[in-house]
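Chains, contacts and geometry: an overview
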Amino acid sequence: DAKTTQPNSMESNEEEPVHLPCNHSTISGTDYIHWYRQLPSQGPEYVIHGLTSNVNNRMASLAIAEDRKSSTLILHRATLRDAAVYYCILRVYNNNDMRFGAGTRLTVKP
Amino acid sequence: SQTIHQWPATLVQPVGSPLSLECTVEGTSNPNLYWYRQAAGRGLQLLFYSVGIGQISSEVPQNLSASRPQDRQFILSSKKLLLSDSGFYLCAWEGSFQETQYFGPGTRLLVL
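For clarity, every value in this text was computed on a predicted model and none was experimentally measured.

1. Section: the overall build of chain A
- Of regular secondary structure, chain A possesses zero helices and nine strands.
- With the principal axes as the frame, chain A shows a C-alpha extent of 40 × 30 × 25 Å.
- Across chain A, contacts joining residues at least 24 apart in sequence account for 57% of those joining residues at least 6 apart.
- About 5800 Å² of surface is accessible on chain A, with carbon and sulfur atoms providing 45% of the total.
- Computed over 11 positive and 11 negative side-chain charges, the inter-centroid distance for chain A is 4 Å.

2. Thoughts on the overall build of chain B
- Assigned secondary structure in chain B consists of zero helices and 11 strands.
- The helix and strand sequence of chain B, counted from the amino end, reads β-β-β-β-β-β-β-β-β-β-β.
- Across its three principal directions, the C-alpha atoms of chain B cover 40 × 25 × 20 Å.
- Burial analysis of chain B (112 residues in total) assigns 47% to the buried set.

3. What about the side chain of B:Ser17?
- Within the element layout of this structure, B:Ser17 appears in the loop between strand S2 (10–13) and strand S3 (19–26).
- Beyond its immediate stretch of four places on either side in the chain, B:Ser17 contacts B:Lys79, B:Lys80 and B:Leu81.

4. As for the confidence of the model for chain A
- Per-residue pLDDT for chain A averages 92, and the proportion of residues at 70 or more is 97%.
- Highest mean pLDDT in chain A belongs to strand S6 (residues 61–64) of chain A (98); lowest belongs to strand S8 (residues 84–92) of chain A (93).

5. Looking at the sheet that holds S6(A)
- Judged by pairing direction, the sheet is antiparallel, and its four strands sit side by side in the order S2-S7-S6-S5 (chain A) without closing on themselves. Each of the sheet's edge strands pairs with one partner strand only, and the pair in question is strand S2 (18–23) and strand S5 (55–56) of chain A.

6. Considerations on the state of the cysteines
- Under the criterion given, the structure shown has two disulfides over all chains.
- Here A:Cys22 is linked by a disulfide to A:Cys88, with a sulfur-sulfur distance of 2.1 Å. Handedness of the A:Cys22-A:Cys88 disulfide follows from its S-S torsion of about -85°: it is left-handed. Of the two residues, A:Cys22 is situated in strand S2 and A:Cys88 in strand S8; the sequence distance between them amounts to 66 residues. Residue A:Cys22 shares its accessibility class with A:Cys88, and that shared class is buried.
- With a sulfur-sulfur separation of 2.0 Å, B:Cys23 is cross-linked through a disulfide to B:Cys91. Here B:Cys23 and B:Cys91 share a disulfide; its torsion about the S-S bond, -75°, makes the bridge left-handed. One end of the pair, B:Cys23, is in strand S3; the other, B:Cys91, is in strand S9 (residues 87–94), with 68 residues separating them in the sequence. For the pair B:Cys23 and B:Cys91, one class covers both residues: buried.

7. Points about the pattern of salt bridges
- Under the counting rule described, the total for this entry stands at eight salt bridges over all chains.
- Across the pair B:Asp85 and B:Arg37 runs a salt bridge, and its minimum N-O distance is 3.4 Å. With B:Asp85 in the loop between strand S8 (73–78) and S9 and B:Arg37 in strand S4 (residues 32–38), the pair connects residues that are 48 residues apart, well separated along the chain.
- Given the relative accessible area of 3%, B:Asp85 is considered buried.
- Through salt bridges that share partners, A:Arg37, A:Glu45 and A:Asp82 make up one connected network.

8. Overview of the nonpolar core
Residue and element names in this part refer to chain A.
- Counting 20 residues, the largest nonpolar core has Leu20, Ile33, Trp35, Leu73, Leu75, Tyr86 and Leu106 as the members making the most contacts within it.
- Among the elements of the structure, S2, strand S3 (31–38), strand S4 (45–50), S6, strand S7 (70–75), S8 and strand S9 (104–109) are those that each provide at least two residues to this core.
- It is S8 that contributes the most residues to this core, four residues altogether.
- Beyond its immediate sequence surroundings of up to four residues, Leu75 is in contact with Glu16, Pro17, Val18, Met59, Ala60, Asp82, Tyr86 and Leu106.

9. Structural notes on the pairing of S3(A)
Residue and element names in this part refer to chain A.
- For S3, the buried fraction is high: seven of the eight residues fall into the buried class.
- Both S3 and S8 contribute to a ladder of eight bridges, which runs antiparallel. Across the sheet, residue Tyr32 finds its bridge partner in S8, namely Arg91.
- Sheet analysis places S3 next to S4, joined by five bridges and oriented antiparallel. Looking across to S4, one finds that Trp35 is bridged to Ile48.
- The antiparallel pairing of S3 with S4 creates a hairpin that spans six residues between the two strands, and Ser41 there sits at a positive phi of about 65°.

Conventions adopted
- Residues numbered from 1 in each chain as written.
- Chains lettered and ligands numbered in written order.
- Predicted model: local features only at pLDDT ≥ 70, side-chain atom pairs only at ≥ 80, totals over all residues.
- Heavy atoms only, no water.
- Helix = DSSP H or I, 4+ residues; strand = E, 2+ residues; numbered from the N terminus.
- Contact = heavy atoms within 4.5 Å.
- Areas by Shrake-Rupley, 256 points an atom, 1.4 Å probe, with all protein chains shown as cover.
- Lys, Arg positive; Asp, Glu negative; His and termini not counted.
- Charge placed at Lys NZ, Arg CZ, Asp CG, Glu CD.
- Buried < 20%, exposed > 50% of the residue type's maximum accessible area, 1.4 Å probe, protein only.
- pLDDT = per-residue confidence, 0-100.
- Pairing = 2+ DSSP bridges.
- Disulfide = S-S within 2.5 Å.
- Salt bridge = Lys/Arg side-chain N within 4 Å of Asp/Glu carboxyl O.
- Core = buried A, V, L, I, M, F, W, Y, C linked by side-chain atoms within 4.5 Å.

So this is what it looks like as structure tokens:
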């Protein structure tokens, strides 16, 4: 299975942008890149996903490298409510398997 | 709108006792359903998934089992709990396009 590598933790200041990196050097052509986040004591929450092109939604932006071997989740203005563990996941389209790694624990400082 | 329910929210059980956790989804038909477990401080481990009534796929061999008696009901069971079964159990659903999984509030299980 294609795997992802993320830093264990990152810190950000409130109202500043945050760039969360993810490496997936063994990604295949059918793997979509998904991001979820998990707030303390809650289930994960979908953030964004993409295949090749950069994606934007109301929560975040996803920048995908041209060779697709890495991606970056961008929170444009971090708030205290964005403190969570962020998971980068590769998922083959139409496949039920979605494997979570350890993720990146984001701390947001006021 | 769709909602997903799990109960109980927390559970403390002795080793060797049975387990039954229930997950129900409202507002959608024929969802794919998933059970995950999260040990303390760890990522999520996929346990079971189901694409339809009576159809269960197991990802990890263990003393747990799952059943889907109705379209929007997913049950996680055990005949005899082990200490290692402690964790945060999460149910999730997704639609037929398999783009996004929506997670329930989870059940925190402590086996003593």
